[in-house]
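# Secondary and tertiary structure notes
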Amino acid sequence: MTAQQASKSVTLDRIDPDAPMFDPKAFRLSKEQAGIIASARELGQSVFAARAAGYDRDAKFPTENYQDLHQAGLLGIAIPKKHGGLGADYKTYSLAAAEIGRYCGATALTWNMHVCSTLWSGPLADDLDMDATTRAEHERRRAVHYKRIVDTGAVYSQPFSEGGAAAAGGVAFGTEAKPVKGGWIVNGKKIFASLAGHADYYGVLCTEVAAGERPSRRNTLYLGIEAKTSGISVVGDWDPLGMRGTVSRTLLFKDVFVPHDAALMPRGVYFQAAMRWPHMFLTLSPTYIGLAQGAYDFTVRYLRGEMPGTPPVKRRMYPTKQIAVAQMQIKLEQTKAIWFQAITEAGANPTKEQVLRAYAAQYSAMEGANEIATLAIRTCGGQAMLKSLPLERIYRDSRCGSLMLPWTAELCLDRIGREALYETSESDD
Ligand SMILES: Cc1cc2nc3c(=O)[nH]c(=O)nc-3n(C[C@H](O)[C@H](O)[C@H](O)COP(=O)(O)OP(=O)(O)OC[C@H]3O[C@@H](n4cnc5c(N)ncnc54)[C@H](O)[C@@H]3O)c2cc1C
């Protein structure tokens, strides 16, 4: 074959900065998976991208985006089909969320909080042990939550951070649920509660503590508490560096009565999930994979002189720009590759190697997104970081990823280092 023939046989397609992040054929996705992911991408590209700057500027919750997500059936993405949802598995959800994150980080991150209430109570809970009576009770209860979401577009959030060691998984949650007739009385405080004041239900992690008992992580409850229940208040302001549209204010619970049917998981099942299904904590990463892609897409478009709203000045001919784009592309491919592998092997009882890979994927996504956004700003230059363009927002949003508990970048490093060097129960004492 001549050199000319060879170059003809591997012609590259046109550069399309809005092509699927994970090509369905190359990544062996089914038609159904590709369809769900495409609907998220199309919504992100055609509607959410243009709204993102306003939500960010005003630190305003993306209410309109949630109406669109409901219309598209995406609020029920992980709800089993028999309950009226799209029946997406963990991987399909993650890929769809990355596509949303590419266009609006705050929408993707808050959508993750919402979807987790259905993913954890749905496909994830199906993998866990429950006796037949508990399983039947769970099935009846989750149907109530799912119906609200599918029929009326109810939005759930996921406040578990408290400012202490609980969100890192170290100790029992300080928010307590005291058993009473018909349910529980909940008292406590949640910080950084994304969707505070905007969700219809707060998916609260708390500790069931009966009279005379000591709080234990084993007794963690996961309750979907109606936002307008008496005793709940949203306090404090919200003016952060990035992810401003998440509106992550503080939630207070003062003697809030919660009926038994509010349980999103049966007693003891959250603890079992945290032990046996650790990839449940990787669900914050898709947003940041999307942001990494968004920074890269921006750079290619900008250097080609094709960024809407900017003069058609090309900057691609400088070798330094080409090297920087090459570095970004390599980092992006590395990050996407480990992440795709980790979301593919998510499931119950992963091997130690898979768990270490999940930590590494989380670290790579959270730190990688910001590294790529940093390179994008340096490479594109001053005009590219003006607030009229999305890059500086991507940069600020991406900085927040490594702070998300329980798998912050620091904790991932801690765990990888320790678990790679010690077997369970080994010590040097
Ligand atoms: C935009 C945004 C949205 C958020 N949305 C939500 C939400 O919807 N729901 C929710 O529950 N939380 C949410 N969070 C909170 C987030 O998950 C963390 O809980 C929060 O950022 C922790 O802040 P902190 O200052 O209390 O951290 P600290 O607990 O003070 O920790 C500071 C750092 O120390 C390290 N660290 C913490 N504990 C340990 C430990 N045991 N061992 C070693 N190192 C440790 C970690 O690296 C951590 O980043 C959100 C945060 C942000 C920034």
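Parameters and conventions
- Residues numbered from 1 in each chain as written.
- Predicted model: local features only at pLDDT ≥ 70, side-chain atom pairs only at ≥ 80, totals over all residues.
- Heavy atoms only, no water.
- Disulfide = S-S within 2.5 Å.
- pLDDT = per-residue confidence, 0-100.
- Contact = heavy atoms within 4.5 Å.
- Axes fitted to C-alpha atoms, helices over the stretch in contact; angles between N-to-C directions.
- Helix = DSSP H or I, 4+ residues; strand = E, 2+ residues; numbered from the N terminus.
- Parallel < 35°, antiparallel > 145°, perpendicular 65-115°, else oblique.
- Left-handed = near helix turned anticlockwise from the far one by under 90°.
- Nonpolar A, V, L, I, M, F, W, Y, C, P; charged D, E, K, R; others polar.

## Digging into the state of the cysteines
Cysteine pairs can be covalently joined through their sulfur atoms, and such a bond is termed a disulfide. Tallied over the full model, the rule gives zero disulfides. With no disulfide of its own, Cys412 lies 16 Å from the sulfur of Cys116, the closest cysteine sulfur.

## A look at the confidence of the model for the protein
Residues at a pLDDT of 70 or more form 97% of the protein, whose mean pLDDT is 95. For residues 1–8, every residue scores under 50 in pLDDT, and the model assigns this stretch two contacts once sequence neighbours within four places are set aside.

## Quick notes on the packing of helix α4 (residues 90–101) against helix α8 (residues 285–303)
Look at α4 against α8: their axes get within 7 Å of each other, and the N-to-C directions meet at 45 degrees. Taken together, α4 and α8 sit at an angle that is classed as oblique. For the element pair α4 and α8, the recorded crossing hand is right-handed. Touching Ser94, Ala97, Ala98 and Gly101 of α4 are Pro286, Thr287, Ile289, Gly290 and Leu291, all from α8. Here the contact of α4 with α8 is composed, by residue class, of five nonpolar, four polar and no charged.

## A look at the environment of Gly236
Inspection of the secondary structure puts Gly236 in the loop between β6 (232–235) and β7 (249–259). It is 9.7 Å that separates the C-alpha atoms of Gly236 and Ile191, two residues lying 45 residues apart in sequence.

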